[in-house]
Amino acid sequence: MSAVLSALATTPATTPQGVLHEVFGYPQFRGAQQEIVDHVVAGGDALVLMPTGGGKSLCYQVPAIVRHRAGQGVTVVVSPLIALMHDQVGALDELGVPAAFLNSSLDGDEARRVERELLGGRLVLLYAAPERILTPRFMAMMQSLHERGLLSLFAIDEAHCVSQWGHDFREEYLGLSALHETFPGVPRLALTATADDHTRADIIQRLQLEEARLFVASFDRPNIRYTIVEKDDPRKQLLRFIRDEHEGEAGIVYCQSRKRVEETATWLAAEGLNALPYHAGLDGDVRRHHQDRFLREDAVVMVATIAFGMGIDKPDVRFVAHLDLPKNIESYYQETGRAGRDGLPADAWMTYGLADVVNQRRMIDDSDAEDDFKRLQRGKLDALLALSEAHDCRRVRLLGYFGQDSEPCGNCDNCLHAPATWDATEAARKALSGIYRFRQAGGQRYGAGHLIDVLRGKVTDKVTERGHERLSTFGIGADVSEQQWRLVLRQLIALGHVHAEGEFNTLGLSDSAREVLRGEVPVRLRVPADVKPRGKVGRERSPRGTGGKPPPMPLNAAATERFAALKAWRAEVAKEHNLPAYIVFHDATLAEMARAQPATLDALGGITGVGAKKLEAYGGQILRVLAG
Ligand code: ADP
Ligand code: ZN
């Protein structure tokens, strides 16, 4: 008999491993989970840094269940987002774990019912926002539980919200140090996907976690394939990418401005995709509705500003695309991390061009921030530009940024198709001389377009009006294509040798340009990659490196049919329970059912993702669907 089925027949498991099997239906812990769970079950404090999709929830849910079963009472989970609480509680409900949330979406009667359950010690997990937890009323309830030995654990999710350095500081998080001060004996577990040193130090200090054990998981997300392409006609490139690689799948497209979000969503929708806009300028109801559709429907492409994403734990987002450069590597990592939480292959795809570099630099320069802060932002942007310009493994650079050494991954654009490079030292010198000559010939500054015309010896109105055909730099770069000149300039700007200023982004030389002018700094550039079309064929030839995990086996025709039938069944259940489909079962679990075609409850219980409660609730129905 499978462990799951025997668990049904006997008493509930009391060990972490037993709970993982029985409740979640998972065969084993991932990475550092086991160690973290053991530490917390034993009553230790911990700070967990784990990338998005790494499996943070289990790190507190398993201890919560184990400790509750040992008579230690409730785990209070601090979480900033209402939508997320709702889905997490829905998922726990499906697993048969008593859980609830307290937030403004409940009416008075509902809230009082939850409070009664809580005070009665029946809840295993209670989710609430920090401002709710810190009210006198809630503190008094916790006090009462504590006196009876029924306050088991505090889990502080999205702990980076306590840091002003982080990207989503929330004032209310600062008050959470009160938990430790009022209930010093209750263990605390803080979790975040944000890894940089500043934020980490802030979390430790502000939440008084100096004594806590620090767990830093690997930041690698081996199933995500990183690709950064030359920006050419970004919307068309995006459409081709989605059509070639992700037709009929869910994804997120990030844009910098609301306007661009609207335009892109409208355009993709006109091209027949199920695309929706999301940004802070939209009405709250519209935003909620769009988010809901993204979570609940198949294959919605959400076109969004960075206002969208935090707390989106949809596991089957197959791609995250950036049409504009994010702010820094942390943001890039956080945003791309929303792809492929289920561990199946997913894409992080970005277009990148000269204007991105110029815009991002300008946004920093023009901001009202302190100089120190600006310097920090510039340094962070530079690191992202270096990643974008890189011709070696993107993952090695990404992980290196977070202080982790690694080997070339085999699953990024540069590993899969080593880019051709050329020695652009001479061209760089010519570009710099071009800018220098403008200055000599009257002191005026010009933008990239005019400079490239002059270098390529193109006779335009502007050239003749200014007499620029007489400059010694006129036509010295006719052998280099316009696109390549843009690359050269972008690299020079990215490296800080050239800066762009003012409304027209006119170019000027930085002090460091001198070394390049003298030929002391070699410049190597990639040959624009977009020239070679890349479609499905190229993809199939290149096996995905999935970090030791075998790529999912494709389903044969009969199994594909069973998979579709299971999905249809799941959609009905999800609708009935008002939950996203993935909370009923993940795609991966349904696919395994379709492939293995179990004929008995016992065999069905052996499939990853089928726990005791789900087996009991749905086993019979699933077997019938599988039997056709
Ligand atoms: P995070 O909060 O760190 O972004 P989640 O807790 O949402 O990640 O977990 C990501 C996905 O991985 C979830 O769908 C979860 O069910 C799954 N998962 C986590 N741990 C395991 C495990 N040990 N075995 C199988 N699946 C797991
Ligand atoms: Zn690589």
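Residues numbered from 1 in each chain as written. Chains lettered and ligands numbered in written order. Predicted model: local features only at pLDDT ≥ 70, side-chain atom pairs only at ≥ 80, totals over all residues. Heavy atoms only, no water.

**Structural notes on the overall build of the protein**
Here is step 1: Helix and strand content of the protein: 29 helices and 17 strands.
Here is step 2: The C-alpha atoms of the protein give 27 Å as radius of gyration, which agrees with the globular expectation for 628 residues (25 Å, within 12%).
Here is step 3: With respect to the principal axes defined by its C-alpha atoms, the protein has extents near 90 × 60 × 45 Å.
Here is step 4: Across the 628 residues of the protein, 53% fall into the buried class.
Here is step 5: Nonlocal contacts in the protein, meaning residues at least 24 apart in sequence, comprise 74% of its contacts between residues at least 6 apart.
Here is step 6: Carbon and sulfur atoms provide 50% of the accessible area of the protein, an area that totals close to 27000 Å².
Here is step 7: Computing the positive centroid from 75 side-chain charges and the negative centroid from 83, the protein places the two 3 Å apart. (Helix = DSSP H or I, 4+ residues; strand = E, 2+ residues; numbered from the N terminus. Rg over C-alpha atoms; globule rule 2.2 N^0.38 Å. Buried < 20%, exposed > 50% of the residue type's maximum accessible area, 1.4 Å probe, protein only. Contact = heavy atoms within 4.5 Å. Areas by Shrake-Rupley, 256 points an atom, 1.4 Å probe, with all protein chains shown as cover. Lys, Arg positive; Asp, Glu negative; His and termini not counted. Charge placed at Lys NZ, Arg CZ, Asp CG, Glu CD.)

**Things to note about the sheet that holds strand β9 (residues 251-254)**
Here is step 1: Reading across the sheet, the six strands line up as β8-β13-β12-β9-β11-β10 and stay open at both edges, with parallel pairing between neighbours. Two strands in the sheet have a free side with no partner beyond their single neighbour: β8 (224-230) and β10 (275-278). Each strand axis lies, on average, 15° off the axis of its neighbour in the sheet, ignoring direction.
Here is step 2: In terms of strand pairing, β9 meets strand β12 (residues 319-322) through four bridges, oriented parallel. Residue pairing across strands places Ile252 opposite Val320, the latter belonging to β12.
Here is step 3: The strands that helix α11 (residues 234-246) touches are β8, β9, β12 and β13 (346-352); relative to β13, the one it contacts most, it runs at about 165°. (Pairing = 2+ DSSP bridges. Axes fitted to C-alpha atoms, helices over the stretch in contact; angles between N-to-C directions.)

**A closer look at the domain arrangement of the protein**
Here is step 1: On domain assignment, one finds that the protein holds domain 1 (31-216), domain 2 (224-343), domain 3 (422-539) and domain 4 (557-627).
Here is step 2: Relative to domain 3, the C-alpha centre of domain 2 lies at a distance of 33 Å. (Domains from an automatic or database assignment.)

**As for the site of ligand 1**
Here is step 1: Close to ligand 1 lie 15 residues; Tyr26, Gly53, Ser57, Arg341 and His586 are nearest.
Here is step 2: One nitrogen or oxygen atom from the side chain of Tyr26 is found 2.6 Å from an oxygen atom belonging to ligand 1.
Here is step 3: In this structure, a nitrogen atom belonging to ligand 1 sits 2.9 Å away from a main-chain N or O atom of Gln28.
Here is step 4: By residue number, the principal contributor to the shell around ligand 1 is helix α4 (residues 56-69), which donates three residues.
Here is step 5: Split by residue class, the shell around ligand 1 holds four nonpolar, eight polar and three charged. (Near = heavy atom within 4 Å. Polar contact = N/O pair within 3.5 Å; in protein donor to acceptor, adjacent residues only side chain to side chain. Nonpolar A, V, L, I, M, F, W, Y, C, P; charged D, E, K, R; others polar.)

**Section: the nonpolar core**
Here is step 1: Counting residues in each nonpolar core, the largest one holds 152 residues, and the members touching the most others are Leu125, Met142 and Phe294.
Here is step 2: Those residues within four positions of Met142 in sequence are excluded, and the remaining contacts are Val76, Ile133, Leu151, Phe154, Leu179 and Phe183.
Here is step 3: Within the second largest apolar cluster, 20 residues are counted, among which are Phe585, Ala591, Met593 and Leu626. (Core = buried A, V, L, I, M, F, W, Y, C linked by side-chain atoms within 4.5 Å.)

**Examining the packing of aromatic side chains**
Here is step 1: Inspection of every chain in the model, using the stated rule, returns 15 aromatic pairs.
Here is step 2: With a centroid separation of 6.0 Å and 45° between ring planes, the pair formed by Phe154 and Phe183 is classed as tilted. A residue pair is termed long-range when its members are at least 10 positions apart, and Phe154 in strand β5 (residues 151-156) and Phe183 in the loop between α9 (177-182) and β6 (188-192) qualify at 29 residues. Neither residue differs from the other here; Phe154 and Phe183 are each classed as buried. (Phe/Tyr/Trp six-rings, centres within 6.5 Å; stacked < 30°, edge-to-face > 60°.)

**Remarks on the packing of helix α3 (residues 33-41) against α4**
Here is step 1: Contact geometry of α3 with α4 gives a least axis separation of 9 Å together with a crossing angle of 40°. Overall, the two elements α3 and α4 adopt an arrangement that is oblique. Handedness of the crossing formed by α3 with α4: right-handed. Of α4, the residues touching α3 (which contributes Gln33, Ile36, Val37, Val40 and Val41) are Leu58, Cys59, Val62, Pro63, Val66 and Arg67.
Here is step 2: Here the residues of the contact of α3 with α4 sort into nine nonpolar, one polar and one charged. (Parallel < 35°, antiparallel > 145°, perpendicular 65-115°, else oblique. Left-handed = near helix turned anticlockwise from the far one by under 90°.)

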